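# Chain and residue survey
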Amino acid sequence: MKTRSPGLFCFSLLLLCAFFVFAEEPPPVAPPKDPAKRPGTVVINRSVIEKEKHYKFIPLETLDYATLNSICRPWLSEGGIMTYEKARNSVLIYDTNEVIDKIAKFVGELDREAVNIRIDVDFIETGSKQDDQLRIDVDSGLSSHQQLVFENGKWVRPKNISISPKMNRDSSSKLNAQTIVTRNGYAANLWVGNTMIDPSWLNNLILTPTVVISGGGGTAVIPAPVVDFKWVDVGSKLKVCPHYQDNGNIEVELYPEVSYLDGEGKTQTVKVEQLVTRVLVRDGQRFYLGGAISSDRNTMTKLFGPEFYTSRGSNSILDTYLTATVLKPSGRPLNKKAPDGKPEFRH
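Here the structure is a predicted model, which means the values were calculated and not measured.

Looking now at the overall build of the protein. Helix and strand content of the protein: 5 helices and 16 strands. Expressed as a percentage of its 347 residues, the buried residues of the protein come to 23%. For the protein, contacts bridging at least 24 residues in sequence account for 68% of all contacts bridging at least 6. A total of about 25,500 Å² of accessible surface is found on the protein, and carbon and sulfur atoms cover 56% of it.

On to the confidence of the model for the protein, then. This prediction gives the protein a mean pLDDT of 77; 75% of its residues lie at or above 70. The model gives residues 335-347 a pLDDT under 50, and that stretch makes 24 contacts with residues more than four places away or in other chains.

Tallied over the full model, the rule gives 5 aromatic pairs. Its guanidinium or amino end placed over the ring of F57, R88 lies 3.8 Å from that ring's centre, counting from NZ or CZ. Directly above the aromatic system of Y321 lies the positively charged group of R286, at a separation of 4.1 Å from the ring centroid.

By rolling a water-sized probe across the atoms, one finds the places where empty space is left. In this structure, the largest pocket occupies an estimated 830 Å³ of space. Lining the largest pocket we find 29 residues, and of these F123, P256, V258, L318 and T320 sit closest to its centre. With 6 residues, the single largest contributor to the lining of the largest pocket is strand 15 (residues 286-301). When the residues that make up the lining of the largest pocket are grouped by side-chain class, the tally is 14 nonpolar, 10 polar and 5 charged.

Taken in spatial order, the 3 strands line up as 1-3-2 in an open sheet, and their pairing is antiparallel. Edge strands, defined here as strands with exactly one partner in the open sheet, are strand 1 (53-59) and strand 2 (81-85). This sheet shows a mean twist of 20 degrees between the axes of neighbouring strands, independent of strand direction. For strand 2 and strand 3 (residues 90-96), the ladder comprises 5 bridges, and the chain directions are antiparallel. Residue Y84 lies in a different strand from strand 3, and its bridge partner there is V91. Sitting on the sheet, helix 3 (residues 65-72) touches strand 2 and strand 3, and the angle it makes with strand 2 is about 175 degrees. Together, strand 1, strand 2 and strand 3 form the strand contacts of helix 4 (residues 97-110), whose direction differs from that of strand 3 by roughly 150 degrees.

The next point concerns the nonpolar core. Ranked by size, the top nonpolar core spans 17 residues in total, and within it I119, I250, V252, L322 and A324 carry the most contacts. Residue assignment for this core shows that the elements contributing at least two residues are strand 4 (116-139), strand 11 (231-244), strand 12 (249-262), strand 14 (277-282) and strand 16 (307-327). What I250 contacts, discounting residues up to four positions off in sequence, is I117, P242, H243, Y244, V279, L280, V281, D283, A324 and V326. If you look at the next biggest cluster of nonpolar residues, it comprises 15 residues, including Y65, C72, M82 and V91.

The next thing to look at is the pattern of salt bridges. Summed over the entire model, instances satisfying the criterion amount to 8 salt bridges. Close ionic contact of K174 with E125 constitutes a salt bridge, the shortest N to O distance being 3.6 Å. A residue pair is termed long-range when its members are at least 10 positions apart, and K174 in strand 7 (residues 160-183) and E125 in strand 4 qualify at 49 residues. Of the charged contacts in the structure, one is a salt bridge between D132 and R169, with a shortest N-O distance of 2.7 Å. Placement of D132 in strand 4 and of R169 in strand 7 is noted, with a sequence separation of 37 residues between them.

Definitions and cut-offs
- Residues numbered from 1 in each chain as written.
- Predicted model: local features only at pLDDT ≥ 70, side-chain atom pairs only at ≥ 80, totals over all residues.
- Heavy atoms only, no water.
- Helix = DSSP H or I, 4+ residues; strand = E, 2+ residues; numbered from the N terminus.
- Buried < 20%, exposed > 50% of the residue type's maximum accessible area, 1.4 Å probe, protein only.
- Contact = heavy atoms within 4.5 Å.
- Areas by Shrake-Rupley, 256 points an atom, 1.4 Å probe, with all protein chains shown as cover.
- pLDDT = per-residue confidence, 0-100.
- Phe/Tyr/Trp six-rings, centres within 6.5 Å; stacked < 30°, edge-to-face > 60°.
- Lys NZ or Arg CZ within 6 Å of the ring centre and 35° of its normal.
- 1 Å grid on protein atoms, 1.4 Å probe; cavity = no way out; pocket = protein on both sides within 12 Å on 5 of 7 lines; lining within 4 Å.
- Points joined across faces, edges and corners; volume = space filled by probe spheres on them.
- Nonpolar A, V, L, I, M, F, W, Y, C, P; charged D, E, K, R; others polar.
- Pairing = 2+ DSSP bridges.
- Axes fitted to C-alpha atoms, helices over the stretch in contact; angles between N-to-C directions.
- Core = buried A, V, L, I, M, F, W, Y, C linked by side-chain atoms within 4.5 Å.
- Salt bridge = Lys/Arg side-chain N within 4 Å of Asp/Glu carboxyl O.

Here you go:
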């Protein structure tokens, strides 16, 4: 029987000890995973909900979108959208509830209620007429109706001379009132007159008849061209555009226009006279816009004839007044609504 040497045994024992000393430590065991954070599970908290985006329409009354866009667009978060829906006069916002509430509060504080404004325009025309006359009737006693008679080389002495002075004075006053009701910031028209064919177009119209050409090969018909009549409005037109301001003033833009026939025959045309003015008035204030003065005087002296001296004339003064009245909720500022949200208008 063989026996191992002590040196070989000691070497094996030393090698085994070195293996255990330099061997790697086993990896630590991972703790069990939190079931609330397992894959496929979303944890919903308040911060996540606040960052979600939603759509909302905010109606506008009189606040224009350009002003709203310049101020509120920087408030939008990343990916937020704000656009104007003209058909609904509303702004559409796609953003978080925080941004939407901020813009809605801004609109609620600055936007004011839409109102109607009544514009009364009074045209007051005052005129005066005069008719002065100095009539001299000479009775020669002859059948002739001549004032002075020269007969047989000498003037016939009149039998009677009568002098009749006359002086007439007439005055008149006429009122023409026009009323327009329109929404704040919107223009309205009032027109009185008639529509007729444009006389200048009609005078230059050349009608071409239908032409029929007959020949051995058949008949050709060239129809007359269809006449497109040109119509024109003749009368008076008034265009107004009021703008209500927060301080109670009303700025009114006025565009009066008068059209009339001028000339006769083939030279007759339609002339249009326009005026543009802008006034600033208080609510319910009657304001004098201005007027026009016209005069016509005709004086004539006749050496022969009964009307020895005549003088006729007329003066006309046209004054224009404007009154702007806001049809607003009774007893409340225009930017505040009634408790039930429904405005109660007074007239």
